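Below, each chain spelled out in residue letters.
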Amino acid sequence: MNTGEKKWGHEFKCVPREFKRAAAGIVIDGGTVFASGVSKVVAIDKASGTIKWESKKVFSGTIVQLLPAPNQLLVRLGGNFLPEGQKEWKLEKPLRVLSLNKADGTEIWEFKDLDDGITNMQLIDGQDTVMLADAKRLIGLDLNGAGKMKEKFSVPLEFKRKVGGGEAAMKIGLGALGGLSGLAKGVAASTSGKGLLDIPVNVTKLDNGKIVVRGKQHLLGFDPATQSIAWSTYYPAPGAASWEMGMMFALTAFNGLSANAGYSS
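Only a predicted model underlies this, so the values are computations on that prediction, with no experimental measurement involved.

## Observations regarding unusual backbone geometry
Following lysine 93, the chain continues into proline 94 via a peptide bond in cis, with omega recorded as 0°. Mapped onto the fold, proline 94 is located in strand β7 (residues 90–101). The backbone of aspartate 128 shows a phi angle near 50°, a positive value even though the residue is not glycine. Position of aspartate 128 relative to the elements: it lies in the loop between β9 (122–124) and β10 (129–133). By relative accessible area, which is 42% here, aspartate 128 ends up partly exposed. The phi angle at glutamine 227 is positive, at roughly 55°, despite the residue not being glycine. Position of glutamine 227 relative to the elements: it lies in the loop between β16 (218–223) and β17 (228–234). Residue classification places glutamine 227 among the partly exposed residues on the basis of a relative accessible area of 35%.

Structure below.
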């Protein structure tokens, strides 16, 4: 840090270009640097750069997260990603979580019971549990397990669009305009159906220990202590469908430019 002189380095085979932003970042845990290339994890001595161990080769899959726990290193493979330059999310398989022994890289346990998605992992304080989500469930895994892992908890999850306060306000505004009541009914009808299902893409742990799960167009609050979903909300995509443009126009006509700007923000 004083001179910028290179002390040591280690080269890795790169992940596919379209997923380069999804590749696992380097993790420093005490005196060890954990890093991943394609199909393996490497533990490096931070001071000297010497290789402490290399994991056995993962048969296939993109390693996208390394998460140190007290006596193990958790490794996530696959997930839903937005490839560089694309507009559609893509599911990268296989979907797996591995636990490796920090001391020598040997496998402790493996979890593969994941359906159509996998989010990042978060350690749950005081519970010896790591949490993640697939397309249908919020899942907790026991860090003290071994072999073929089973869930410590599994909470059903189905993101569906619900009419929130903002949409209710828009329906009131449309009704006040009289002639657009049919559009308001159409908006209400559009708040259900398979086209509005969502998939979790991120799990965030707050300072108070609570969890927020993000979908492509949803947010959801989860309490790991009670294993209950506290709330769920939907947010529209920018630039969007014709009925959203219709509501924007109606709000402008009824409430003026300031109301429209408020909705946009």
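## Comments concerning the packing of aromatic side chains
Scanning all chains against the criterion turns up two aromatic pairs. When the ring of phenylalanine 34 is compared with that of tryptophan 53, the centres are 6.0 Å apart and the planes differ by 45°; the resulting orientation is tilted. One end of the pair, phenylalanine 34, is in strand β2 (residues 32–36); the other, tryptophan 53, is in strand β4 (residues 51–54), with 19 residues separating them in the sequence. Across the pair, tryptophan 53 and phenylalanine 34 agree in class, each one buried.

## Points about the sheet that holds β4
Here four strands make up an open sheet; going across it, the order is β1-β2-β3-β4 and the pairing antiparallel. Only two strands of the sheet have a single partner each, and these edge strands are β1 (27–29) and β4. Each neighbouring strand pair of the sheet contributes to a mean axis angle of 20°, computed without reference to strand direction. In this sheet, strand β3 (residues 41–45) lies alongside β2 in antiparallel orientation, the contact comprising five bridges. Opposite serine 36, over in β3, you have valine 41 as the bridge partner.

## Points about the nonpolar core
Within the largest apolar cluster, 16 residues are counted, with the highest numbers of intra-cluster contacts made by Trp109, Phe111, Val130 and Leu141. Going through the elements one at a time, β7, β8 (107–111), β10 and β11 (137–142) are the ones with two or more residues in this core. Beyond its immediate chain neighbours, meaning those up to four positions away, phenylalanine 111 contacts Leu95, Arg96, Val97, Arg137, Ile139, Leu141, Met149 and Glu151. Val41, Ile63, Leu73 and Leu98 belong to the second-largest nonpolar core, a separate cluster that totals 14 residues.

## Remarks on the sheet that holds β11
With respect to topology, four strands assemble into an open sheet ordered β9-β10-β11-β13, the strand pairing being antiparallel. Of all strands in the sheet, those with a lone pairing partner are β9 and β13 (151–156), marking the two edges. Neighbour to neighbour, the strand axes of the sheet diverge by 25° on average, direction disregarded.

## Some details on the pairing of strand β15 (residues 211–215)
Extensive coverage of β15 is indicated by the burial of four of its five residues. When strand β14 (residues 200–205) meets β15, the two strands line up antiparallel, connected through five bridges. Pairing of threonine 204 across the sheet is with valine 212, part of β15. Between the end of β14 and the start of β15, which pair antiparallel, lie five residues, with glycine 209 showing a positive phi angle near 90°. Two elements, β15 and β16, share four bridges in a ladder whose sense is antiparallel. Looking at β16, one finds that arginine 214 is bridged to leucine 219. Between β15 and β16, which pair antiparallel and follow one another directly, the connecting turn spans two residues.

## Quick notes on the pattern of salt bridges
For the coordinates displayed, the defined rule picks out nine salt bridges. Across the pair arginine 96 and glutamate 110 runs a salt bridge, and its minimum N-O distance is 2.3 Å. Here arginine 96 is found in strand β7, whereas its partner glutamate 110 is found in strand β8, with 14 residues between them in sequence. Side by side, arginine 96 and glutamate 110 carry an identical accessibility label, which is buried. A salt bridge links arginine 137 to aspartate 134; the nearest nitrogen and oxygen atoms lie 3.8 Å apart. Overlapping salt bridges, with partners in common, bring together Asp113, Asp134, Arg137 and Glu151 in one network.

Calculation criteria
- Residues numbered from 1 in each chain as written.
- Predicted model: local features only at pLDDT ≥ 70, side-chain atom pairs only at ≥ 80, totals over all residues.
- Heavy atoms only, no water.
- Helix = DSSP H or I, 4+ residues; strand = E, 2+ residues; numbered from the N terminus.
- Buried < 20%, exposed > 50% of the residue type's maximum accessible area, 1.4 Å probe, protein only.
- Phe/Tyr/Trp six-rings, centres within 6.5 Å; stacked < 30°, edge-to-face > 60°.
- Pairing = 2+ DSSP bridges.
- Axes fitted to C-alpha atoms, helices over the stretch in contact; angles between N-to-C directions.
- Core = buried A, V, L, I, M, F, W, Y, C linked by side-chain atoms within 4.5 Å.
- Contact = heavy atoms within 4.5 Å.
- Salt bridge = Lys/Arg side-chain N within 4 Å of Asp/Glu carboxyl O.

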